[in-house]
Amino acid sequence: MEDNIGSDDGSIKEQDRLLPIANVGRIMKQILPANAKISKEAKETMQECVSEFISFVTSEASEKCRKERRKTVNGDDICWAMETLGFDNYAGPSRRYLHRYRDLEGDKANQDRR
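Nothing here was measured: the structure is a model prediction, and the numbers come from that model.

A. Layout of the packing of aromatic side chains. Applying the stated criterion to the full structure yields 5 aromatic pairs. With a centroid separation of 5.0 Å and 80° between ring planes, the pair formed by Phe53 and Phe87 is classed as edge-to-face. In this pair, Phe53 sits in helix 3 (residues 40-67) while Phe87 sits in the loop between helix 4 (75-84) and helix 5 (88-113), placing the two residues 34 residues apart along the sequence. For Phe53, a relative accessible area of 28% corresponds to the partly exposed category.

Shown next, in the form of structure tokens:
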């Protein structure tokens, strides 16, 4: 039996809603000591949490875009949504990452023109 969310006509498969558990496990493992183990239950719990977090923040950003009659959610919208939802500890570093990313992309575009 497949786990589906929503109605028959608009259902989302559980595997499409969640980040791959192997990726979640690898990210978790990076912060732990080399000899540490992570239970399947811990990976699945984290998988559910991070997937829900992404959906929650993206939904808030999407609502902002809808009100502004825009179709594309951008990095600034995601940072705004995190701040609005009270995730200031994540919004600041994300905004710094976004600025660095844009700087690097700008540098890359300038090099490609040469």
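B. Summary view of helix 4. Those residues of helix 4 not exposed but buried are Asp77, Cys79, Ala81 and Met82. Lining the buried residues of helix 4 we find helix 3 and helix 5. For helix 4, the N-terminal capping position is held by Asn74, with its side-chain oxygen 3.0 Å away from the main-chain nitrogen of Asp76. Downstream of helix 4 by a residue or two, Gly86 has a phi angle that is positive, lying close to 90°.

C. Region of the structure containing the pattern of salt bridges. For the structure shown, the criterion picks out 10 salt bridges. For Arg17, the salt bridge goes to Glu48, with nearest N and O atoms at 2.9 Å. With Arg17 in helix 1 (residues 14-17) and Glu48 in helix 3, this residue pair connects regions lying 31 residues apart in the sequence. In this structure Arg17 comes out as partly exposed when scored by relative accessible area, which is 22%. As a salt-bridge pair, Glu83 and Arg95 come within 3.5 Å of each other at their nearest N and O atoms. Of the two residues, Glu83 sits in helix 4 while Arg95 sits in helix 5, which places them 12 residues apart along the sequence. We classify Glu83 as partly exposed; its relative accessible area is 36%.

Procedures and definitions
- Residues numbered from 1 in each chain as written.
- Predicted model: local features only at pLDDT ≥ 70, side-chain atom pairs only at ≥ 80, totals over all residues.
- Heavy atoms only, no water.
- Phe/Tyr/Trp six-rings, centres within 6.5 Å; stacked < 30°, edge-to-face > 60°.
- Helix = DSSP H or I, 4+ residues; strand = E, 2+ residues; numbered from the N terminus.
- Buried < 20%, exposed > 50% of the residue type's maximum accessible area, 1.4 Å probe, protein only.
- Contact = heavy atoms within 4.5 Å.
- Polar contact = N/O pair within 3.5 Å; in protein donor to acceptor, adjacent residues only side chain to side chain.
- Salt bridge = Lys/Arg side-chain N within 4 Å of Asp/Glu carboxyl O.

Note that all results are geometric; they support no functional claim without further evidence.
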